[in-house]
Structure formats: structure tokens, C-alpha cells
Amino acid sequence: MNKVINFHELHDPVWFEKVVVYLKSRYTMVGSRDLYEYYYNHTPLRNACLITVDDGHSTSYDVIYPVLKKHKVPAIFFVSPEIAKREEAVNFWFQEIRGYDEDKLRKIAFDFLNITPTEAEIQYIFDKTSIDNMWEIISRYRKLYHVEPKAAMNMTVEQIRQIDKEGLVEIGAHTLTHPFLARETVERSMNEIKGSISQLEGLLQHPVLTFAYPNGRPVLDFGEREMQMLTDTSIKLAFSTRPHNFSLSDDVFAIPRYGLSCGSMNFVRLKLFLGKYYPLLRYALNK
């Protein structure tokens, strides 16, 4: 029952430590080198668990990393160097729209994209368009409602370098600006992927071997096009968000992951126990 467990922004170190302690009690905690040996050399892994964290939010450094160090648990942090390296306050699009009036933002999106108004959540609307369109909609909202850009929310270059240098947690690439790659042109998708890898290698001064697709749903967010782009880079392992145990039948450029973000420990245990069947149960219960 080999699993990759993925986290994002976390503000509760007590909750995260409970999860880590639980995972250590049930699984053999492994790092990316173990997965490399597993996939490329067929070195056996049984009941193994790898922790990954997407986006590089400041809580990766302030909350998650100290717990991992305390318990000596390896992990991979996937970051976007274009976001981290800028001196001015720059965030991901989904961070910038927090607190925005969704009705007002939705109206601007409808007008700009020339689509029929619906009750769809703005996340769903943005899910259907390009990263440049997302930022144009945000820019129009700012101008119309006199909203200032938010303060930077993510790890700094210095923090990323420190984590990388200490060696417990690997730093992987996560595109430049977190677009839904399947919505972008070939040129933009390639630049987002290869640019993030080359910039990150420049910051860290060594090859980057791992990559995570933004949002990460196969076909919907990335596909064969993006997987093929990675074959011409230093990347050896790339991760999706398809909820499934990992196995040797996986493509090394589309390794599945389960997501965890909150909930009681009973919920965490149940979700991990159900594995790939959890989304089906949740859908059935919400019908």
C-alpha cells in the first residue's frame, strides 16, 4: 500500500505533527531517492510513504519543515522560482483573489471572457482559461475596486536554499506561475515547465530531479504533451494528484498522490484507509 501524501498551506503545527506521527507508525517514510530506485531499478518498496508539499507557501518553512526536521522525515517541497525570487510582493493568482467579492469577480470574468453568466465558482471559471486571462481579470478587479496587491505569502529564495542545503527535504519544480498547463499554448506550457526547472537549478546550483503539475489532474490539467516535455529535462519523477497508491505500473512522469489538508485524526485514518475509493464515497454522500 505505497502512498505519496500531498499537503499545501498549513497553519496548525499540532495537527500536522499528529499526522506525521501517525504516518510514521503505519508506513516506512521514504524520500525521492527511494522512489527513483523503485521506479528505475525496481528496488522493492513495501508500505512506503513519501510526503510532498506544493506551492512553497511560507508555512512550508514556518510550520511544516520544523515538524519534518523534528521527526527526521524526508519530503519534497515543490516551488515556483518565478514567484519566490521577485523582490516585490508577488503571489499566485489563487492567493491574490482570497477575500475578493466573488460575485464582483465573477461578473468581471464573464465580461472579459465573453461567457454566459452562471453560478459557477470563480475557481471553476478560472479553471477554464489561461493564466494571462486570470491575471487580467484580477487586474481589472483591482482597478475597479481600488484593491492593492497582497503582501508576499510564499517562501523566500533564502529559505528555499536553506532547506535544500540541509538535505532532509528536496526542492522540486512547480512551473513558473502555476497555470493549468492543459489550457496553455505549447510555447507557454513549455516555458512554464522548462523555465521553472532551469531557474530553480540556477538558484540551487544543482540539477532538479522532481516536478509537480499545478492542480495535477491528468487530462484536465496536464497530459501527454506536458509529460513529453519533461523527458527533455533533468526531471526523473513527476507527480500528479490522481488519488491512487503508487506502483511500478505508473508512468514516472505521472505518479499519483493523495491530498490531505485538515480534519480529525479519525478522518485522516479513514481517508488513507479508503485510498482511491474515498472520492467515490464522498461523491455518493453528497448526491
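Details of the structure are given in the entry above.
Our subject in this report is the structure included herewith. (Residues numbered from 1 in each chain as written. Predicted model: local features only at pLDDT ≥ 70, side-chain atom pairs only at ≥ 80, totals over all residues. Heavy atoms only, no water.)

### So, the side chain of Asp-250
No. 1: Mapping Asp-250 onto the fold places it in the loop between β7 (237–239) and β8 (258–259).
No. 2: A distance of 2.7 Å separates a polar side-chain atom of Asp-250 from the backbone nitrogen of Ser-247.
No. 3: Sequence-distant contacts of Asp-250, that is, excluding residues within four places in its chain, are made with Tyr-39, Arg-242 and Pro-256. (Helix = DSSP H or I, 4+ residues; strand = E, 2+ residues; numbered from the N terminus. Polar contact = N/O pair within 3.5 Å; in protein donor to acceptor, adjacent residues only side chain to side chain. Contact = heavy atoms within 4.5 Å.)

### Quick notes on the packing of helix α1 (residues 13–26) against helix α3 (residues 58–71)
No. 1: For the pair α1 and α3, interaxial distance at closest approach is 10 Å and the crossing angle is 35 degrees. Seen from above, α1 lies across α3 with right-handed handedness. Residues Pro-13, Phe-16, Glu-17, Val-20, Val-21 and Lys-24 of α1 touch α3, and the partners they reach there are Val-63, Ile-64, Val-67, Leu-68, Lys-70 and His-71.
No. 2: Looking at the contact of α1 with α3 residue by residue, the class counts come to eight nonpolar, one polar and three charged. (Axes fitted to C-alpha atoms, helices over the stretch in contact; angles between N-to-C directions. Left-handed = near helix turned anticlockwise from the far one by under 90°. Nonpolar A, V, L, I, M, F, W, Y, C, P; charged D, E, K, R; others polar.)

### Here's the deal with the environment of Ile-163
No. 1: With respect to the element layout, Ile-163 can be found in helix α9 (residues 157–166).
No. 2: Judged by relative accessible area, which is 0%, Ile-163 ranks as buried.
No. 3: Each C-alpha atom of the pair Ile-163 and Phe-77 lies 9.2 Å from the other, and the pair is 86 residues apart in sequence.
No. 4: Residues within four places of Ile-163 in sequence aside, it is in contact with Tyr-61, Tyr-65, Phe-77, Met-155, Val-169 and Ile-171. (Buried < 20%, exposed > 50% of the residue type's maximum accessible area, 1.4 Å probe, protein only.)

### Thoughts on the nonpolar core
Generally speaking, soluble globular proteins have nonpolar side chains that are buried together.
No. 1: In this structure, Phe-7, Leu-35, Ile-51, Leu-68, Phe-77 and Phe-239 are the most contacted members of the largest nonpolar core, which totals 68 residues.
No. 2: It is α1 that contributes the most residues to this core, six residues altogether.
No. 3: Beyond its immediate chain neighbours, meaning those up to four positions away, Phe-7 contacts Trp-15, Phe-16, Val-19, Ile-51, Thr-52, Val-53, Asp-54 and Leu-260.
No. 4: Of all hydrophobic cores here, the second largest spans 21 residues; its members include Val-90, Phe-94, Phe-110 and Ile-138. (Core = buried A, V, L, I, M, F, W, Y, C linked by side-chain atoms within 4.5 Å.)

### Observations concerning the packing of aromatic side chains
No. 1: Considering all chains together, one arrives at 16 aromatic pairs under this definition.
No. 2: Between Phe-92 and Phe-94, the aromatic rings sit 5.2 Å apart at their centres with planes inclined by 10 degrees, giving stacked as the arrangement. For the pair formed by Phe-92 and Phe-94, the shared burial category is buried.
No. 3: Ring centres of Tyr-100 and Tyr-141 lie 4.2 Å apart, and the angle between their planes is 5 degrees; this geometry places the pair in the stacked category. Here Tyr-141 lies in helix α8 (residues 131–145) and Tyr-100 lies in the loop between α5 (93–96) and α6 (102–113), a separation of 41 residues in the sequence.
No. 4: Residue classification places Tyr-100 among the buried residues on the basis of a relative accessible area of 11%.
No. 5: Feature note: the residues Phe-92, Trp-93, Phe-94, Phe-126 and Phe-180 constitute an aromatic cluster, connected by ring pairs. (Phe/Tyr/Trp six-rings, centres within 6.5 Å; stacked < 30°, edge-to-face > 60°.)

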